[in-house]
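Residues per chain are reported as follows:
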Amino acid sequence: MVLRGRQLAIETVDVPRPGPGQVLARVRACGICGSDLHAAKYLDDMIEAARRSGSAQWDAAAEGAGIVMGHEFVAEVVEAGPGAEAWAPGTRVTSIPVLLDPASPTAMSAIGYSAKYPGAYGEYVLMSAPLLLRVPDALPDTVAATTEPCAVGLHAVREARLQPGETALVMGAGPIGLMTLLWLKHEGVQHVAVSELSPERRALAGRLGADLVIDPRETPVLEAIQAATGRPAPPVVFECIGVQGTLQQAMDLVDRMGRVIVVGVCMQEDRILPLVGINKQLTLKFVLGYTPAEYAEALQALGSGAIDTAPMITRTVTLDELPAAFDALADPRDCKVVLVPGQS
């Protein structure tokens, strides 16, 4: 599936050839990421934001050229380039979505956000052998394809620097909010509240271990948390929604001296009242992605069953169905939709 401007189309493209230290892999599954939904609508804005922040996520040619997105993948090695022969054909692998690229100013290129290298919304993807991780045999393809967002949730939780006895609120029960919930419970946080508008996603949050699930249209969030915990406010709030106004809501909901961990990506300019943050002496922590070690830890947790993301996968789609799936994900009844290119 190729993104050209704001148009998504299924096209036939050349199969890439693996260079030194690379493998060519057949895509077995690839999750649809919210960042890709954003790119289909706000590609020029994302490229400008990358330029302003010095990010190498988008290359200079991405806006004018067709790009194949897709970075939440599990794939099967088909062919090894020079120096990568240790990876035998048929091996299931994943990796952080980056190619080592000496020709790039940063020595790397982002898989799925580059006009030079195709991402995994297709049949084949190139991967760098030094970054490959073997997928555990018992782990289904669709679940293995959630490693990347699972690592995002892990990174958000680690960056919160939670202390013993602290409680947390997760705003938003989309894929990243639910991944954050799973890691909070895995890390032993005794009380995690989740606020979410969608009844389907609230139900998922309950299944995945939330101690309190709140419909903010029906129940004041802070009152519900106070009644459940006996505390004035949560010391940590994870903002996993990313729309205008939710950052200020998080600042209003967190306790004095608290931390707001900003995981949701708001695509428009937003407004906050700094005096609230000053009066409460808040810390705002913006987080992005994960470390390679966190990615490996997420895969290990999925493989051992310590983290179970399977309930989040609401359906799979074929390549032909993928453009329509982008439109359908505006409906919050779906949660995690996974592309399986080889299915009929």
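See the structure above.
Residues numbered from 1 in each chain as written. Predicted model: local features only at pLDDT ≥ 70, side-chain atom pairs only at ≥ 80, totals over all residues. Heavy atoms only, no water.

Side note on the sheet that holds strand β12 (residues 192-195)
One open sheet holds the six strands; their spatial order is β13-β12-β11-β14-β15-β16, and the pairing between them is parallel. In this open sheet, the two edge strands, each paired with only one partner strand, are β13 (212-214) and β16 (283-286). When strand polarity is set aside, the average angle formed by the axes of neighbouring strands in this sheet is 20 degrees. By the bridge criterion, four bridges tie strand β11 (residues 168-171) to β12 in an arrangement that is parallel. Each bridged residue has a counterpart across the sheet, and for V170 the counterpart in β12 is V194. (Pairing = 2+ DSSP bridges. Helix = DSSP H or I, 4+ residues; strand = E, 2+ residues; numbered from the N terminus. Axes fitted to C-alpha atoms, helices over the stretch in contact; angles between N-to-C directions.)

Observations concerning the packing of aromatic side chains
Counted according to the given criterion, the structure contains two aromatic pairs. Ring centres of Y121 and F326 lie 5.9 Å apart, and the angle between their planes is 85 degrees; on these two criteria the pair is classed as edge-to-face. Here the residue Y121 occupies a position in the loop between β8 (108-110) and β9 (124-128), and F326 occupies one in helix α10 (residues 322-328), the gap between them amounting to 205 residues. F326 carries the same exposure label as Y121, and that label is buried. (Phe/Tyr/Trp six-rings, centres within 6.5 Å; stacked < 30°, edge-to-face > 60°. Buried < 20%, exposed > 50% of the residue type's maximum accessible area, 1.4 Å probe, protein only.)

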